[in-house]
Amino acid sequence: MLNFEEFQDYTKRVLKDHLPEELVGATIRTNDVTKNNGLVLHGVTVQPEGSNIAPTIYLDGYYKQYEDGEKLEDVIDRIASVAEKNAKAPTEIGDIAKTFTNFENVKDKIIMVVVNTEKNREVLAGMPHQNREDLSIIYKVSVGNDEMGMATIAIKNEHMEAWGVTQEEIHNMAMKNTKELLPVTVQSMNEIMREMFGRDGMPDDMAELMFEEMPMNQQMYVISNESRINGAAAMFYEDALSGLAEQMGTDLFILPSSVHEVIAVSTDMGDPEQLAEMVREVNGGEVSAEEQLSDHVYRFDAASRSISLADTTMEQLMDKVSENTQSYEATQTMSEGNRPHHRR
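Residues numbered from 1 in each chain as written. Predicted model: local features only at pLDDT ≥ 70, side-chain atom pairs only at ≥ 80, totals over all residues. Heavy atoms only, no water.

Focus on the packing of helix H2 (residues 60–67) against helix H3 (residues 72–86)
Here comes step 1: Between H2 and H3, the least distance of the axes is 9 Å, while the angle of their chain directions is 155°. Relative to H3, H2 is oriented roughly antiparallel. Our pair here, H2 against H3, has a crossing hand that is right-handed. Together, Tyr62, Gln65 and Tyr66 of H2 and Leu72, Val75, Arg78, Ile79 and Val82 of H3 make up the contact between the two elements.
Here comes step 2: Residue composition of the contact of H2 with H3, grouped by class: 6 nonpolar, 1 polar and 1 charged. (Axes fitted to C-alpha atoms, helices over the stretch in contact; angles between N-to-C directions. Helix = DSSP H or I, 4+ residues; strand = E, 2+ residues; numbered from the N terminus. Parallel < 35°, antiparallel > 145°, perpendicular 65-115°, else oblique. Left-handed = near helix turned anticlockwise from the far one by under 90°. Contact = heavy atoms within 4.5 Å. Nonpolar A, V, L, I, M, F, W, Y, C, P; charged D, E, K, R; others polar.)

A closer look at the packing of aromatic side chains
Here comes step 1: Overall, the coordinates contain 6 aromatic pairs when judged by the stated rule.
Here comes step 2: Judged by centre distance (6.4 Å) and plane angle (20°), the ring pair of Phe4 and Phe7 falls under stacked. Residue Phe4 and its partner Phe7 are located together in helix H1 (residues 4–14), separated by 3 residues, close to a single helical turn.
Here comes step 3: When its relative accessible area of 19% is taken as the criterion, Phe4 is described as buried.
Here comes step 4: With a centroid separation of 5.8 Å and an interplanar angle of 15°, the aromatic rings of Phe7 and Tyr66 are classed as stacked. Within this pair, whereas Phe7 is found in helix H1, its partner Tyr66 is found in helix H2, the two being separated by 59 residues in sequence. (Phe/Tyr/Trp six-rings, centres within 6.5 Å; stacked < 30°, edge-to-face > 60°. Buried < 20%, exposed > 50% of the residue type's maximum accessible area, 1.4 Å probe, protein only.)

Structural notes on the confidence of the model for the chain
Here comes step 1: Mean pLDDT over the chain: 83, with 81% of residues reaching 70 or higher.
Here comes step 2: Every residue in residues 326–344 scores below 50 in pLDDT, and together they form 1 contact with partners more than four places removed in sequence or on other chains. (pLDDT = per-residue confidence, 0-100.)

A look at the side chain of Asp134
Here comes step 1: Mapped onto the elements, Asp134 comes out in the loop between strand S5 (129–132) and strand S6 (135–146).
Here comes step 2: Here Asp134 sits buried without a salt bridge, and the closest side chain of opposite charge, Lys119, lies 8.8 Å off (N-O distance).
Here comes step 3: Polar side-chain contacts of Asp134 include one of 2.8 Å to the side chain of Ser294.
Here comes step 4: For Asp134, the contacting residues outside a window of four places in its chain are Asn116, Thr117, Ser294, His296, Tyr298, Leu309, Met314 and Leu317. (Lys, Arg positive; Asp, Glu negative; His and termini not counted. Salt bridge = Lys/Arg side-chain N within 4 Å of Asp/Glu carboxyl O. Polar contact = N/O pair within 3.5 Å; in protein donor to acceptor, adjacent residues only side chain to side chain.)

Considerations on the sheet that holds strand S8 (residues 184–188)
Here comes step 1: Spatially, S8-S9-S11-S10-S12-S13 is the arrangement adopted by the 6 strands of the open sheet, whose pairing is antiparallel. A single partner strand is all that each edge strand has here, and the edge strands are S8 and strand S13 (306–309). Within the sheet, the average angular offset between the axes of one strand and its neighbour, ignoring direction, is 30°.
Here comes step 2: Taken together, the 5 bridges between strand S10 (residues 252–258) and strand S11 (residues 261–266) define a ladder with antiparallel strand orientation. Each residue of the ladder has a partner; that of Leu252, found in S11, is Ser266.
Here comes step 3: Its contacts with the sheet put helix H12 (residues 272–285) on S10 and S11, and the angle it makes with S10 is roughly 10°. (Pairing = 2+ DSSP bridges.)

Thoughts on H3
Here comes step 1: Here H3 spans 22 Å end to end across 15 residues, near enough to the 21 Å set by a 1.5 Å rise per residue.
Here comes step 2: For H3, the set of buried residues is Leu72, Val75, Ile76, Ile79, Ala80 and Ala83. Along the long axis of H3, the arc covered by the buried residues comes to 140°, so they all point the same way.
Here comes step 3: If you follow the buried residues of H3, they end up packed against H1, strand S2 (40–47), strand S3 (56–58) and H2. (Expected span 1.5 Å × (residues − 1). Arc of directions from axis to C-beta.)

Side note on the environment of Met160
Here comes step 1: Positionally, Met160 belongs in helix H7 (residues 157–163).
Here comes step 2: Given a relative accessible area of 15%, Met160 falls into the buried group.
Here comes step 3: Residues Met160 and Pro128 lie 32 residues apart in sequence; the distance between their C-alpha atoms is 7.7 Å.
Here comes step 4: Those residues in contact with Met160 that sit more than four places away from it in its chain are Pro128, Val165, Thr166, Gln167 and Ile170.

Some points on the pairing of strand S12 (residues 298–301)
Here comes step 1: Only one face of S12 is buried, namely the one carrying Tyr298 and Phe300, since none of Arg299 and Asp301 on the opposite face is buried.
Here comes step 2: Pairing analysis gives 3 bridges linking S10 to S12, with the strands arranged antiparallel. Across the sheet, the residue bridging to Phe253 is Arg299, located in S12.
Here comes step 3: For S12 and S13, the ladder comprises 4 bridges, and the chain directions are antiparallel. Considered in S13, the bridge of Tyr298 is made with Leu309.
Here comes step 4: The antiparallel hairpin formed by S12 and S13 contains 4 residues in its connecting segment, where Arg305 sits at a positive phi of about 55°.

Brief notes about the sheet that holds strand S1 (residues 27–34)
Here comes step 1: Taken in spatial order, the 3 strands make up an open sheet running S1-S2-S3, and their pairing is antiparallel. Since the sheet does not close on itself, it has two edges, and those belong to S1 and S3, each with one partner. If you compare each strand with its neighbour and ignore which way they point, the axes differ by 35° on average.
Here comes step 2: Two elements, S1 and S2, share 8 bridges in a ladder whose sense is antiparallel. Across the sheet, Thr30 pairs through a bridge with Val44, a residue of S2.

Here is the structure:
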């Protein structure tokens, strides 16, 4: 059986033989891509001759299929099929890729995404961003939609410099555009459950009986956007949170269930330390590493329309980061001191 490195090399070498005739002249490369929270995925790009677009197909999942017993050539055929399907980019993606250097062509497509600051510190150094407690708002250009979802290009410092704009200008554009392109959705958990069981065939009256309405300050509300992708950024739509808090008559605790959504509850529903423990348990067992947002809980203050950490403070978090760094450096030093030295 091939190891993963050999699988990558083999895929790059033979993939062209599995592609249709119109892709025979394509350029095939392998590359590593750092995703959210520092997760590194290993991809292969198939760039058709004369095209400026080269979709990346991540090989990690395909290698798992091979490890699980799939025939190697069947896996390569599957990769080739995906490459063929995505070789011709949607018109809007191709158009914006050609004109990306002109700010006028992208300014109305800039959106915001929220990520964990500490887990993405290295990547954040190369891109405009705005820190909010232990989170950072980053910016992307929406370049079109396909069956896989929204295609985006992350905005880096060099893009901002080439456009001749400031981070503040990009942020203001993103706040405006995101609300329009990705409208916020606020649904009670009971409403979501009724919809889910209804799609599975449960009669409406039975679903209503099982998930009957409760007082608002006793319910959980899922906040996201209409696409359900990177919807956690909606926690910074102050109007939506203010409206929910006003209906409840209390401030809100915000639980970051993933980068795609957050959950809002009344501050009457428990203390933030217990809620944070619940978030950590869910992150540890149910949310993939790439999609985790934070282990902490936030408080939305309705009067000031502001969000702050509820179960800890930034000072405490920075102290922990500092302690972990010192421990790591001490361990490294000790390891070096215990390493055998060979003398001639």
